[in-house]
Amino acid sequence: MSDTTDKKKRVIALGFFDGVHRGHGALLRRAVERARAYGPEGEAVAFTFDLHPASQILGHQVPLLSTPEDRKGLMERCYGIEDVVVGQFDRMMRMPWQAFVTDYLQKELGVVHVVAGHDFHFGYRGEGNPARLQALCAQLGLGCDIIQKVELDGITVSSTYIRTLVAQGEMERALEFLGHPHTFSGEVVHGKQLGRTIGFPTANLVVPPEILVPAHGVYATKVVTPDGVSHMAVTNVGVRPTVDDGDQVTVEPWILDFDGDLYGQKIRVEYYARLRGERKFDSLQDLTDMVYQNARETRIYFSQLEGKIPADR
């Protein structure tokens, strides 16, 4: 992510973009369209904060759908955003709303066109709003688009609603509202290596405390390895009650038809469907039998899904 500027004509989409859902996509697509109109000099940029505004203003942690790295990757892969600027929320919340536009966006970042949502507020005490943004941009000679809310099935597409879906394990409905599978990227760490001894080696990922943990259970997923290849995987989310008495939540994908050393490398898990809840088995054999059954279910799921989800997701 960038915190510097250059001589390009920047078109910037403003928001936090947690999860990068279909509503965010409307802003990001517009920014790309406007940037292309400037030809080679145009650059489509997204602005996000380093911290969630609500967590700072309300004083309690808002569980996030995506890390900054995942937000950036989704904006680039799904919408063609070329750069992501991370603003320091502590600095921005003290800045007069006019200065955010004149000093930060126009002078510091070189922005020539702004795209914001209908409910975007900014600056000191959130005094900046879409109407004020449009009026000031007109005075400064900057372009400005305000994007209205996006609805699906009569429900406003929002990060708040999608967080509820993910927390309940409703990944297929979350996919509809996100426009892509719910995503989590992380570094593979060493576990107990028990899976390797019973036939299904897993790649262990630890979920950061600020990131929302999906409902505990087993999911049909895809894992993108560092070489960019996507693999089917059976992924367990939870505390492994059959083999572990600890309480650390891990994400453990068993990558099907894959043999390689991923320790210390970053992989991306993409959730498609919850197969079952987490449970404690009476024996390792019962656990093994169930995991192999889940692998069969995962293969069937993706064979039926083939052609319904864009390949670049």
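Residues numbered from 1 in each chain as written. Predicted model: local features only at pLDDT ≥ 70, side-chain atom pairs only at ≥ 80, totals over all residues. Heavy atoms only, no water.

Peer 1: Sorry, what's going on with the side chain of Glu252 here?
Peer 2: Within the secondary structure layout, Glu252 lies in strand S12 (residues 250–255). Among the residues examined, Glu252 registers a relative accessible area of 8% and is labelled buried. Within the local environment of Glu252, its side chain forms a polar contact with the side chain of Thr202, the two groups lying 3.0 Å apart. (Helix = DSSP H or I, 4+ residues; strand = E, 2+ residues; numbered from the N terminus. Buried < 20%, exposed > 50% of the residue type's maximum accessible area, 1.4 Å probe, protein only. Polar contact = N/O pair within 3.5 Å; in protein donor to acceptor, adjacent residues only side chain to side chain.)

Peer 1: I would appreciate a short explanation of the packing of aromatic side chains in the present structure.
Peer 2: The geometry of an aromatic ring pair is captured by the separation of the ring centres together with the interplanar angle, meaning the angle of the planes. Going through the model one piece at a time under the given rule, you end up with twelve aromatic pairs. Ring plane angle 85° and centroid distance 5.4 Å describe the contact between Trp254 and Tyr292, whose orientation is recorded as edge-to-face. Here Trp254 is found in strand S12, whereas its partner Tyr292 is found in helix H10 (residues 284–305), with 38 residues between them in sequence. On the basis of relative accessible area, Tyr292 is assigned to the partly exposed category, the value being 31%. Ring geometry for Tyr272 versus Phe302: centroids 5.0 Å apart, planes at 80°, classification edge-to-face. Of this pair, Tyr272 sits in strand S13 (residues 266–277) while Phe302 sits in helix H10, and the two are 30 residues apart along the sequence. (Phe/Tyr/Trp six-rings, centres within 6.5 Å; stacked < 30°, edge-to-face > 60°.)

Peer 1: I'm lost on the pairing of strand S5 (residues 143–147) in this one. Help?
Peer 2: Regular strands place side chains that alternate from one sheet face to the opposite one. Most of S5 sits inside the fold, with five of its five residues counted as buried. Bridge analysis of strand S4 (residues 111–117) against S5 gives five bridges, and the strand direction is parallel. Within S5, the residue paired with Val114 across the bridge is Cys144. Following the chain from S4 across helix H6 (residues 130–140) to the adjacent parallel S5, one finds a crossover that is right-handed. (Pairing = 2+ DSSP bridges. Right-handed = clockwise from strand over helix to strand, strands pointing away.)

Peer 1: Explain the nonpolar core to me, please; I cannot follow it from the model alone.
Peer 2: Considering soluble globular proteins, one finds that nonpolar side chains tend to be buried as a cluster. Counting 56 residues, the largest nonpolar core has Ile12, Leu14, Phe47, Phe100, Tyr104, Leu105 and Leu133 as its most contacted members. By residue number, the principal contributor to this core is helix H5 (residues 97–108), which donates six residues. Contact partners of Leu133, with chain neighbours within four places excluded, come to Leu14, Val101, Val114, Ala116, Phe122, Cys144 and Ile146. With 20 residues, the next largest nonpolar core counts Leu27, Ala31, Ala46 and Val115 among its residues. (Core = buried A, V, L, I, M, F, W, Y, C linked by side-chain atoms within 4.5 Å. Contact = heavy atoms within 4.5 Å.)

Peer 1: Looking at this structure, how should I read H5?
Peer 2: Since there are 3.6 residues in each turn of an α-helix, residues three or four apart along the chain are aligned in direction. Considered for burial, the residues of H5 that qualify are Trp97, Ala99, Phe100, Val101, Thr102, Tyr104 and Leu105. Where H5 is buried, its residues contact strand S1 (9–14), strand S2 (42–49), strand S3 (83–87), helix H4 (89–92), S4 and H6. Downstream of H5 by a residue or two, Gly110 has a phi angle that is positive, lying close to 75°.

Peer 1: Where do I start with the pattern of salt bridges in this structure?
Peer 2: Any two side chains of opposite charge can pair, given that their charged atoms come close. In this structure the tally under the stated criterion is 15 salt bridges. We note a salt bridge from Arg30 to Glu33, for which the minimum N-O separation is 3.8 Å. Taken as a pair, Arg30 and Glu33 lie in helix H1 (residues 22–36) at a separation of three residues, close to a single helical turn. When its relative accessible area of 48% is taken as the criterion, Glu33 is described as partly exposed. Of the charged contacts, one joins Glu69 and Lys266 as a salt bridge, the two residues approaching to 3.1 Å between their closest N and O atoms. Pair noted here: Glu69 is in helix H3 (residues 68–79) and Lys266 is in strand S13, with a separation of 197 residues, a long-range link. The class of Glu69 is partly exposed, set by a relative accessible area of 40%. (Salt bridge = Lys/Arg side-chain N within 4 Å of Asp/Glu carboxyl O.)

Peer 1: Looking at this model, I keep getting lost on helix H8 (residues 171–178). Mind explaining?
Peer 2: Listing the buried residues of H8 in full gives Met171, Ala174, Leu175, Phe177 and Leu178. Taken down its axis, H8 places every buried residue within 170° of arc, on the same side. Positive backbone phi, approximately 90°, marks Gly179, located one or two places after H8. (Arc of directions from axis to C-beta.)

Peer 1: Please clarify how the sheet that holds strand S8 (residues 182–187) should be interpreted in this entry.
Peer 2: Strand pairs in the sheet, formed through backbone hydrogen bonds, run parallel or antiparallel to each other. Taken together, six strands build an open sheet; the order of strands is S8-S13-S10-S11-S12-S9 and the sheet is antiparallel. A strand with exactly one partner marks an edge of an open sheet, and here the two such strands are S8 and strand S9 (205–206). Here two bridges tie S9 to S12, and the two strands are oriented antiparallel to one another. Bridge pairing links Val206 to Thr250 in S12.

Peer 1: Sorry, what's going on with unusual backbone geometry here?
Peer 2: Note: most residues except glycine have negative phi, and most peptide bonds are trans. Although it is not a glycine, Arg125 sits at a positive phi angle of roughly 60°. Along the chain, Arg125 turns up in the loop between S4 and H6. Of note in this structure, Asp257 is not a glycine but carries a positive phi near 60°. For Asp257, the position within the fold is in the loop between S12 and S13. Looking at Asp257, the relative accessible area reads 61%, which means it is exposed.

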